[in-house]
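# Residue-level structure breakdown
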Amino acid sequence: MAYADNWDQVTNSDEYYYGVGQGATLDEADKAALAALVSQIATSVSSDFVEIDEEVSTRGSVDHKSRVLNCVKTYAQATLTNTRSLESGKEPDVRVCRYIKRTELQRIFEGRIERARDMVRMGDECLGRRQIDMALEYYYHAYSLIRSLQYPNEVRGEDGAILVNTLPAKIRQILRAIRVEFEERDEANVRLRFYYSDEPMSSLEFTYNDGRNDNCSSSVKNGHGSLEMAEGYENRQVLNLNIEYEYKQQARGDTELESVLNVITKKVFPEAGVKVEAKAGSKPVRNDASDMTVNQGVHENASAAAASTDEVTPPQEQPGMHLTPDVSQVQTQTEDYAEIMAKVVEAARTRSLGSVDRYFTIDGGLPRYRALLKMGAARVMGTPDITLFKGAEDGRVVARGLQMSLTYNSRGRKLTFVEDVVFTFNAEKKIENVTFGLGQTATNDILCKHPGWNNQTKELLMEFLENYKTAYCMKDSVYIRQIFSDDAVIIVGNVVRKAAGNGGLSSNRELPVSLAGQAIIRYNRYDKDTYLRNLRRCFDRNEFINLRFSRNDIQHLEKFRDREVFGIQIGQEYSSSTYSDVGYLYLLTDLTDRTLPQIKVRAWQPREVPLDSLFHSGHFYGN
């Protein structure tokens, strides 16, 4: 496509939109030119922009031209930066002309339409998997992108339906199917159960009023959520919640989407508001040896139970509620472990930590346990439903099923996360490690998707991922340094758009990869030392870091017959006090030395794709 190469061709032709800027520096003049270009485009298309709902400011209605200008600016931040430019003069008197062919504007609009349709497809897929929070996020983000278009009422989905009509209906339908029930109260901490279509929800975010602040945040994990009431409001009987659907935090770092969400007026869905009746005077369920559930006979006697007159529902038919290990993976001798776990959990409830020191190893389990209890005002939630697994090595036993809530006050907001906590016993029945669990979805994926793998391999994978997650949450840079091999390929990804007229990305440190249905992704590649240096800075500036893992896909590299090498792709929600995102983490890991796993490749990408389409693991790991 031919472009102008001088001022007269641009300014004297009806073929281009253009803006001219002047400044003391090239950067200053360029910004002024881009602003002028945006203003010209907004003026030109203003009469054709269709408003689909009323927008109101504090002083009354937002005028139509201002709304159009704001919408066009969202393109300027994401796409118009790739326009052509002409320059004249020298500093301190520089002139820049930014211009774009009028025919290219429709192509830019169409790019946003296709992105919105892609989000709708992902939302449909997430809804089918019961990933309700991600479905809400994709639907609302797609809806917002469409509302920023010139003709929103003309955008149709794959079924031919008009998306600005169907997307709000989908969001309302999801919100109406969410049910919240009061479970119990422990002083200021309130525990709730969340269901979608009568099934426990795997994850969700919500805000609530703690009696003083309307903007407290919390999350749901494996059907459970908790909130922390302000002092003086501990016995409030009506709790006010709002289900999150805007997910602006997840758009951070995505220039186009972030700018759209900041410009387009938030669509209010009354269905997101939930009132929960809390039972007055309810008492916490005490957690001692008499009432803590330890799964044992249910698993080892499953066949006999199924043949009895009492009907037993298999764990697989209770999604989001239980771990589903095979009989052979479960520890059968449970009495000693159950007694120790009851005492450890009770000590956590009462903060009488010294009473259980003898059950931990001094150099591993005890400091980790105490560090966990210092994080986010940690609280035990409900009655633990403990499953005891055989460990990855003979003699070790792993206890999974305890849930704790972590609450942080960050930047004027109260945030609560629900975490599974995992305890690993050594052969002497002392707790040698305490980690955050993967959650039931991710754990069950490993347990159930690979019937040909032996139980120790499955347990090894779970323990590796649990240690990995915990190291980031606890900012354990020493452990992270140990598990990354010295020659590790570490790739940090972000979505970018290919510059017009640029045949590729220029820096040799950047590896462009284009996946089906995705934008161009720029992967910045770091060596181990650089990555760890950046990570330590990240740890220092964040009060907290939280990782939530979900569904996963794991490949065993069979060509390494004498080694345990795996490619792991796992859904990750990353939250910190300064940043959050959602995507998929890829780890190529050598687990041959079970005491010291080695990560050979670490990469991030914004969505799930087949492993072979992302990176062929063999390309990274030589023969």
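Owing to the predicted nature of the structure, the values given are computational and were not obtained by experimental measurement. In this numbering scheme, every chain counts its residues from 1 along its sequence in written order. With pLDDT at 70 or above as the cut-off, local features in this predicted model cover only qualifying residues; side-chain atom pairs require 80 or more to be listed or tallied, and sums for whole chains, interfaces and linings still use all residues. To obtain the side-chain values, all non-hydrogen atoms of the structure were included, while hydrogens and water were left out.

Bringing the overall build of the protein chain into the picture now. Helix numbering and strand numbering both begin at the N terminus, where a helix is a DSSP run of H or I of at least 4 residues and a strand a DSSP run of E of at least 2. Secondary structure assignment for the protein chain yields 17 helices and 26 strands. Exposure classes here rest on a 1.4 Å probe applied to the protein chains alone. A residue is buried below 20% of its type maximum, exposed above 50%, and partly exposed in between. Looking at the protein chain residue by residue over its 623 residues, the buried ones come to 53%. Long-range pairs, those at least 24 residues apart, make up 66% of the contacts in the protein chain with a sequence separation of at least 6. Using a 1.4 Å probe, accessible areas were evaluated by the Shrake-Rupley method; residue-level cover was limited to the displayed protein chains. When the accessible surface of the protein chain is summed, it comes to about 27,800 Å², and 46% of that surface belongs to carbon and sulfur atoms. Two residues qualify as a contact provided that any one of their heavy atoms is within 4.5 Å of a heavy atom in the partner residue.

On to unusual backbone geometry, then. The peptide bond linking glutamate 91 to proline 92 adopts the cis configuration, its omega dihedral lying at 15°. Relative to the elements of secondary structure, proline 92 occurs in the loop between β4 (84-90) and β5 (93-101). The phi torsion at alanine 377 lies on the positive side, around 45°, for a residue other than glycine. Structurally, alanine 377 is set in the loop between α11 (365-373) and β15 (379-380). According to the relative accessible area criterion, alanine 377 is partly exposed, its value standing at 44%.

Here the focus is the nonpolar core. In terms of nonpolar packing, the biggest core is built from 78 residues, with Phe360, Tyr369, Phe423, Tyr472 and Phe484 touching the most fellow members. With 9 residues, the top contributor of residues to this core is helix α13 (residues 455-473). Filtering out sequence-adjacent residues up to four positions away, phenylalanine 484 remains in contact with Tyr472, Ile490, Lys528, Tyr531, Gln598, Ile599 and Arg602. Within this scheme, the nonpolar core is defined by two criteria: the residues are buried Ala, Val, Leu, Ile, Met, Phe, Trp, Tyr or Cys, and they are joined through side-chain atoms within 4.5 Å.

In this section: the pairing of strand β25 (residues 580-590). The buried fraction of β25 is high, at 11 of 11 residues. Strand pairing is assigned whenever DSSP identifies at least 2 bridges connecting the two strands. Relative to β25, strand β24 (residues 565-576) runs antiparallel, the two being bridged by 11 bridges. In the sheet register, phenylalanine 566 faces β25, and the bridge partner there is threonine 589. In textbook terms, the turn of a hairpin is the stretch between consecutive antiparallel strands, and for β24 and β25 this stretch comprises 3 residues.

Let us look at the packing of aromatic side chains. Any Phe, Tyr or Trp ring, taking Trp's six-membered ring, that has another such ring centre within 6.5 Å forms a pair; planes under 30 degrees apart are called stacked, those over 60 apart edge-to-face, and the others tilted. By the definition in use, this model includes 17 aromatic pairs. For the pair phenylalanine 360 and tyrosine 369, a centre-to-centre distance of 4.8 Å together with 20° between the ring planes defines the contact as stacked. Exposure remark for tyrosine 369: the relative accessible area of 2% places this residue in the buried category. Through pairs of rings, three or more aromatic residues link up here, namely Tyr140, Tyr143, Tyr245 and Phe269. The ring of tryptophan 7 carries the charged tip of arginine 95 above its face, separated from the ring centre by 4.8 Å. For a lysine, the NZ atom is tested; for an arginine, the CZ atom; a charge sits over a ring if that atom is within 6 Å of the ring centre and within 35 degrees of the ring normal.

Moving on: the packing of helix α4 (residues 102-128) against helix α6 (residues 163-176). Here α4 crosses α6 at 25°, and the two axes come no closer than 13 Å. Comparing the axis directions of α4 and α6 gives the class roughly parallel. Of the two possible hands of crossing, α4 and α6 adopt the one that is left-handed. Across from Arg117, Val120, Asp124 and Leu127 in α4, the residues of α6 making contact are Leu163, Leu167, Lys170 and Ile174. Classes in brief: Ala, Val, Leu, Ile, Met, Phe, Trp, Tyr, Cys and Pro nonpolar; Asp, Glu, Lys and Arg charged; the others, Gly included, polar. Of the residues contributing to the contact of α4 with α6, the split by class is 5 nonpolar, no polar and 3 charged. Note on geometry: axes are C-alpha line fits, over the in-contact stretch for helices, and angles between N-to-C directions span 0 to 180 degrees. Here is the rule for angles: anything less than 35 degrees is roughly parallel, anything more than 145 is roughly antiparallel, 65 through 115 is roughly perpendicular, and the remaining ranges are oblique. Whether a crossing is left-handed or right-handed is set by the direction in which the near helix is turned from the far one by less than a right angle, anticlockwise for left-handed and clockwise for right-handed.

A few words now on the pattern of salt bridges. One side chain can pair with another of opposite charge once the charged atoms of both are near each other. Salt bridge, as used here: a side-chain nitrogen of Lys or Arg that lies within 4 Å of a carboxyl oxygen of Asp or Glu. Evaluation of the coordinates by the stated rule reveals 35 salt bridges. Between arginine 193 and glutamate 183 there is a salt bridge, with its nearest N and O atoms 3.4 Å apart. A residue pair is termed long-range when its members are at least 10 positions apart, and arginine 193 in strand β7 (residues 189-196) and glutamate 183 in strand β6 (residues 178-186) qualify at 10 residues. The class for glutamate 183 is partly exposed, based on a relative accessible area of 24%. Salt bridges sharing partners connect three or more residues here, namely Glu114, Asp118, Arg121 and Glu158.

In spatial order, the strands read β1-β5-β4; together these 3 strands make up an open sheet with antiparallel pairing. Strands with a single pairing partner mark the edges of an open sheet, and in this sheet they are β1 (16-23) and β4. Within this sheet the neighbouring strands show an average axis-to-axis angle of 15°, counted without direction. In the packing of helix α2 (residues 26-45) onto the sheet, contacts are made with β1, β4 and β5, and the angle to β1 comes to roughly 145°.

Right, let's get into a positive patch on the surface. Two joining distances apply to patches: 9 Å for like charges and 5 Å for nonpolar side chains (Val, Leu, Ile, Met, Phe, Trp, Tyr), and every residue must have over 30% relative accessible area and no salt bridge. In summary, the charge assignment counts Lys and Arg as positive and Asp and Glu as negative, without counting His or the chain termini. One atom stands in for each charge, and that atom is NZ of Lys, CZ of Arg, CG of Asp or CD of Glu. A contiguous patch of positive charge on the surface is contributed by Arg533, Arg536, Arg537 and Arg541. With respect to the helices, strands and loops of the structure, arginine 533 is situated in helix α15 (residues 528-541).

For β6 and β7, the ladder comprises 8 bridges, and the chain directions are antiparallel. Looking at β7, one finds that phenylalanine 182 is bridged to leucine 192. Taking the residues that link successive antiparallel strands as the turn, the β6-β7 hairpin has 2 residues, and the phi of glutamate 187 there is positive, at about 55°.

With 14 residues, α15 ought to run about 20 Å at 1.5 Å a step, and its terminal C-alpha atoms sit 20 Å apart, in line with that. Within the span of α15, buried status applies to Lys528, Thr530, Tyr531, Leu532, Leu535, Cys538 and Phe539. The opening residue of α15 is aspartate 527, an N-cap whose side-chain oxygen sits 3.3 Å from the backbone nitrogen of aspartate 529. To estimate the expected span of a helix, subtract one from its residue number and multiply by 1.5 Å. Think of a polar contact as two N or O atoms within 3.5 Å of one another; within protein, one of them needs to be a possible hydrogen donor and the other a possible acceptor, and neighboring residues in sequence only count if both atoms come from side chains.

Attention now goes to the confidence of the model for the protein chain. The pLDDT value expresses, per residue, how confident the predictor is, ranging between 0 and 100. Chain-level statistics for the protein chain give a pLDDT mean of 80 and a share of 79% at 70 or above. The low-confidence segment residues 54-60 (pLDDT under 50) makes 9 contacts with residues lying over four places distant or belonging to another chain. The model gives residues 297-321 a pLDDT under 50, and that stretch makes 21 contacts with residues more than four places away or in other chains.

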